[in-house]
Amino acid sequence: MIKQELREKISGLIELPPSLQFTIEQPPKHSQSDLATNLPIVLSRTTGKEIKKIADEVISKLQGSQLVEKIDFAAPGFINFNISLQRLAQELKTVTAEDNAYPGIDSGKNKKVLLDFVSANPTGPLHIGHARCAIIGDTLSRIFRQFGWETLQEYYVNDIGTQMDILSESVEFRSRQLNGEKIDFPENAYKGEYITEIAGDINSKYENLPQREEIKKITLEKILDIIKNDLTDFGVNFDSWIYESELHNKGIVEKTIGLLKKQGVVYEKDGALWFGSAESGDEKDRVVKRKDGRYTYFGADIAYHSDKIARGFDKLINIWGTDHHGYVPRIMSAIKSLGYDENNVKIILYQLVSLSRNGVRLKMSTRAGEFITLREVMKEIGVDATRYFLSTRTPESHLEFDLELAKKQSPENPVYYIQYAHTRCCGIFREAKLEPSEKIFSGVNVSLLKEPAERDLMKKILFYPDTLNSCINDYTPHHITTYLLDLAGSLHKYYDGYRVLGNDEVLKISRLYLINAVRIVIRNGLSLLGISAPSRM
RNA sequence: GGGCCCGUAGCUCAACUGGAUAGAGCGUCUGGCUUCGAACCAGCAGGUUAGGGGUUCAAGUCCCCUCGGGCCCUCCA
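Residues numbered from 1 in each chain as written. Chains lettered and ligands numbered in written order. Predicted model: local features only at pLDDT ≥ 70, side-chain atom pairs only at ≥ 80, totals over all residues. Heavy atoms only, no water.

**Some remarks on the overall build of chain A**
Within chain A, the regular secondary structure consists of 20 helices and 15 strands. Based on the C-alpha atoms only, the size of chain A along its principal axes is roughly 85 × 60 × 45 Å. Per-residue burial for chain A yields a buried fraction of 52% across its 537 residues. Considering only residue pairs separated by 6 or more positions, chain A has 71% of its internal contacts joining residues 24 or more positions apart. As displayed, chain A offers around 25400 Å² of accessible surface, 47% of which is attributable to carbon and sulfur atoms. Charge centroids of chain A, computed over 70 positive and 73 negative side chains, lie 3 Å from each other. (Helix = DSSP H or I, 4+ residues; strand = E, 2+ residues; numbered from the N terminus. Buried < 20%, exposed > 50% of the residue type's maximum accessible area, 1.4 Å probe, protein only. Contact = heavy atoms within 4.5 Å. Areas by Shrake-Rupley, 256 points an atom, 1.4 Å probe, with all protein chains shown as cover. Lys, Arg positive; Asp, Glu negative; His and termini not counted. Charge placed at Lys NZ, Arg CZ, Asp CG, Glu CD.)

Laid out in structure tokens, this is it:
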């Protein structure tokens, strides 16, 4: 990663206070350089040394470096760098060699991360809000894996509790109605069409209506099938499905709460058991076991986290809608009480999606059966465009999803702009009747790639690993989409301005070498987003 | 009433966590296919970063106030 390289290089040249924070960043366009640091400014502040003197010292020590060239001072106290052709060429070589595996960074080697996401109550098909969560989790997993992490994608199924009771009641009523009984459908019941379908299925399979518990089991299974199919077709695969009921049945809930009680962080009051979360930042203490003896959702969730911790992960990631933000302090408090380092827990909060059609806000209620399913969106907009749309915003941004707009814009969707850049790269090789291979690139001469557009492409390729690194650090996939759009733009510009398949054989091969690297990076980037990279469109 | 998040071009969003002259796509307008695919390129226009104050070499980014939008304040999940 180029920024890290430069940072280490500078740190090795000059004595720095150990905790000094300085930036390595991409400077604005007008600076005409590739990288910049604010080191002189910040170092001057702590040491009192003159800014210009610091800069001169760093600049003189970097002369002759194989990493950077054209090193300049810039007011009010930056140093600007250009990356050497040698370093740019080195990256092209790495890309070509590693191909599908690029970038082969193993910073996460021997580390395990568990991502718990979607985990929607199994009361109906997934909608666009769940899809946003699915995309954030799935894409982050892919990036973690790229960096060598072992990932586990887990879906926590809330298969007990009030919602499940109402759900099975809803199915039962629909079954009886279908059987000709004249009964009123309960006001608070689930009214979606899938309820009627499940009810119909049950009626056709059973002579007599099964018991409520049996109905619940059948309904849960059917709905989980729907959810699993939706996710699979959306390109999101879970490794593990864990059921709340099992945590109870295996006694994990009871054991965990018992342990906390022994520690003294769980206590009895008003006939219920409380967890003392107020002590570490929560508004108040929370009930984990009700007066009637049943554990709360929170009580079971503590057990779930205890179970996750026991399975031995270096990092736990939870992805929740912001409607759960009030829940964060109590679960973090619980995690601390369980003896797990809270710094290894990341709770990503994403803003809910508001759905509209032609600017008219649509209510999204699973209960009322009024919602657009993910399935419908995939069908109308397509998986690639939907995934792109959901990847391209930061999780904390409010997201307005207008169906008509999305449909209308889909032929103009930026995702096609990126994919088209990829097909153009493939098209050149088709036209040249060549397959990319080390053999055809043996006569490459990178120093022939001296057009500004070529340098621009090489530079952007070099920044790809840093882009992925930002995604990991910020826990968001959206940097990739911004990056790919930029890279695709550079490719299109180059394609329009220069001919790759010219008469000069060495130049041709060298340009093909560059085009091939662009092709690999675009394809690998799209792959991390779960988006296809077609060779023809 | 208390708390969290958001407000950036006509629209949808970026801006590398405090850096330099705030950038893309879409839309509008003007040009460009006899040449590796025009699902493209070049150019024009579009901004007091909701508004006001503060912190400092430097603020879209941090602090305070106001306005507007979303969400949460269950022995629900």
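**Structural notes on the domain arrangement of chain A**
In many reports, interface size means the accessible area that the parts give up when they come together. The domain architecture assigned to chain A consists of domain 1 (2-83), domain 2 (91-107 + 410-528) and domain 3 (117-247 + 351-407). Using only C-alpha atoms to locate each centre, domain 1 and domain 2 end up separated by 29 Å. Here domain 1 meets domain 2 over a buried area of about 630 Å², counting both sides, of which 54% is carbon and sulfur. Looking only at domain 1, the three residues that lose the most surface to domain 2 are Ile 2, Asp 34 and Ile 83, adding up to 62% of its buried area. (Domains from an automatic or database assignment. Buried area = accessible area lost by both parts, 1.4 Å probe.)

**Some thoughts on the protein's contact with RNA strand B**
Taken together, 67 residues surround RNA strand B, and among them Lys 3, Gln 26, Arg 393, Tyr 420 and Tyr 498 come closest. Sugar and phosphate atoms form 59% of the subset of RNA strand B atoms that lie within 4 Å of the protein. At 3.1 Å from a base nitrogen of RNA strand B is found a side-chain nitrogen or oxygen belonging to Asn 38. Contact between RNA strand B and Tyr 297: a phosphate oxygen at 3.2 Å from a main-chain N or O atom of the residue. Sorting the residues of the surface near RNA strand B by element identifies helix H2 (39-47), strand E4 (78-83), strand E9 (272-275), strand E15 (399-402), helix H16 (414-432) and helix H19 (478-497) as the ones contributing at least two each. Take the surface near RNA strand B: its biggest share by element is nine residues, from H16. In terms of residue class, the surface near RNA strand B is made up of 26 nonpolar, 21 polar and 20 charged. (Near = heavy atom within 4 Å. Polar contact = N/O pair within 3.5 Å; in protein donor to acceptor, adjacent residues only side chain to side chain. Nonpolar A, V, L, I, M, F, W, Y, C, P; charged D, E, K, R; others polar.)

**Side note on helix H3 (residues 51-62)**
Residues three or four positions apart in an α-helix share a direction because the helix packs 3.6 residues into each turn. With 12 residues, H3 should cover 16 Å at 1.5 Å per step; its first-to-last C-alpha distance of 17 Å lies within 8% of that length. Those residues of H3 lying buried are Ile 54, Ala 55, Val 58, Ile 59 and Leu 62. For H3, the angular spread of buried residues about the axis comes to 130°, placing them on one side. Looking at the buried side of H3, the elements it contacts are helix H1 (2-13), H2, strand E3 (68-74) and E4. Positive backbone phi, approximately 80°, marks Gly 64, located one or two places after H3. (Expected span 1.5 Å × (residues − 1). Arc of directions from axis to C-beta.)

**Describing the packing of aromatic side chains**
Per the counting criterion, the structure on display carries 14 aromatic pairs. The interplanar angle of 35° and the centroid separation of 4.6 Å between the aromatic rings of Phe 117 and Phe 238 together place this pair among those described as tilted. In this pair, Phe 117 sits in the loop between strand E5 (112-116) and helix H5 (128-146) while Phe 238 sits in the loop between helix H8 (212-233) and strand E7 (240-243), placing the two residues 121 residues apart along the sequence. Accessibility classification places Phe 117 together with Phe 238 in one group, the buried group. Three or more aromatic residues joined by ring pairs form one cluster here, namely Phe 275, Tyr 297, Phe 298, Trp 320 and Tyr 327. (Phe/Tyr/Trp six-rings, centres within 6.5 Å; stacked < 30°, edge-to-face > 60°.)

**Looking at the packing of helix H11 (residues 297-310) against helix H12 (residues 328-337)**
It is at 10 Å that the axes of H11 and H12 come closest, and there the two elements cross at 45°. Of the possible angle classes, the one that applies to H11 and H12 is oblique. Seen from above, H11 lies across H12 with right-handed handedness. Along the contact surface, H11 presents Phe 298, Asp 301, Ile 302 and His 305, while H12 presents Arg 330, Ile 331, Ala 334 and Ile 335. Considered class by class, the residues forming the contact of H11 with H12 number five nonpolar, one polar and two charged. (Axes fitted to C-alpha atoms, helices over the stretch in contact; angles between N-to-C directions. Parallel < 35°, antiparallel > 145°, perpendicular 65-115°, else oblique. Left-handed = near helix turned anticlockwise from the far one by under 90°.)

**Some details on the environment of Asn 516**
Within the secondary structure layout, Asn 516 lies in helix H20 (residues 505-528). C-alpha of Asn 516 to C-alpha of Ala 134: the two residues are 382 residues apart in sequence and 32 Å apart in space. Beyond its immediate chain neighbours, meaning those up to four positions away, Asn 516 contacts Thr 96, Phe 429, Pro 436 and Phe 441.

**Topic: the sheet that holds strand E1 (residues 24-25)**
With antiparallel pairing, four strands are arranged side by side in an open sheet as E1-E2-E4-E3. Two strands close off the open sheet at either side, each with one partner strand: E1 and E3. For E1 and strand E2 (residues 35-37), the ladder comprises two bridges, and the chain directions are antiparallel. Considered in E2, the bridge of Ile 24 is made with Thr 37. (Pairing = 2+ DSSP bridges.)

**Quick word on the environment of Ser 354**
Counting through the fold element by element, Ser 354 comes out in strand E13 (residues 353-357). Taking the C-alpha atoms as reference points, Ser 354 and Met 364, 10 residues apart in sequence, are found 8.2 Å from one another. Apart from the residues within four sequence positions on either side, Ser 354 is in contact with Arg 361, Leu 399, Glu 400 and Phe 401.

**Let's talk about the nonpolar core**
Across soluble globular proteins, you tend to see nonpolar side chains buried next to one another. Formed by 131 residues in total, the largest nonpolar core has its most connected members in Phe 81, Tyr 155, Phe 401 and Ile 461. If you tally residues by element for this core, the top one is H20, at 12 residues. Residues contacting Phe 401, with those up to four places away along its chain left out, are Ile 128, Val 353, Ser 354, Leu 355, Ser 356, Val 377, Ile 381, Phe 389 and Ala 406. Counting 30 residues, the second largest nonpolar core, distinct from the first, contains Ala 300, Ile 302, Tyr 327 and Ala 334. (Core = buried A, V, L, I, M, F, W, Y, C linked by side-chain atoms within 4.5 Å.)

**A short note on unusual backbone geometry**
Note the cis peptide between Ala 75 and Pro 76, where omega equals 0°. You can see Pro 76 is positioned in the loop between E3 and E4. Going from Tyr 102 to Pro 103, the amide bond is cis rather than trans, its omega being -5°. Positionally, Pro 103 belongs in the loop between helix H4 (85-98) and E5. At Asn 110, a residue that is not glycine, the phi angle is positive and equals roughly 65°. Tracing the backbone through its elements, the reader meets Asn 110 in the loop between H4 and E5. Located in the positive-phi region is Lys 433, a residue other than glycine, with phi close to 55°.

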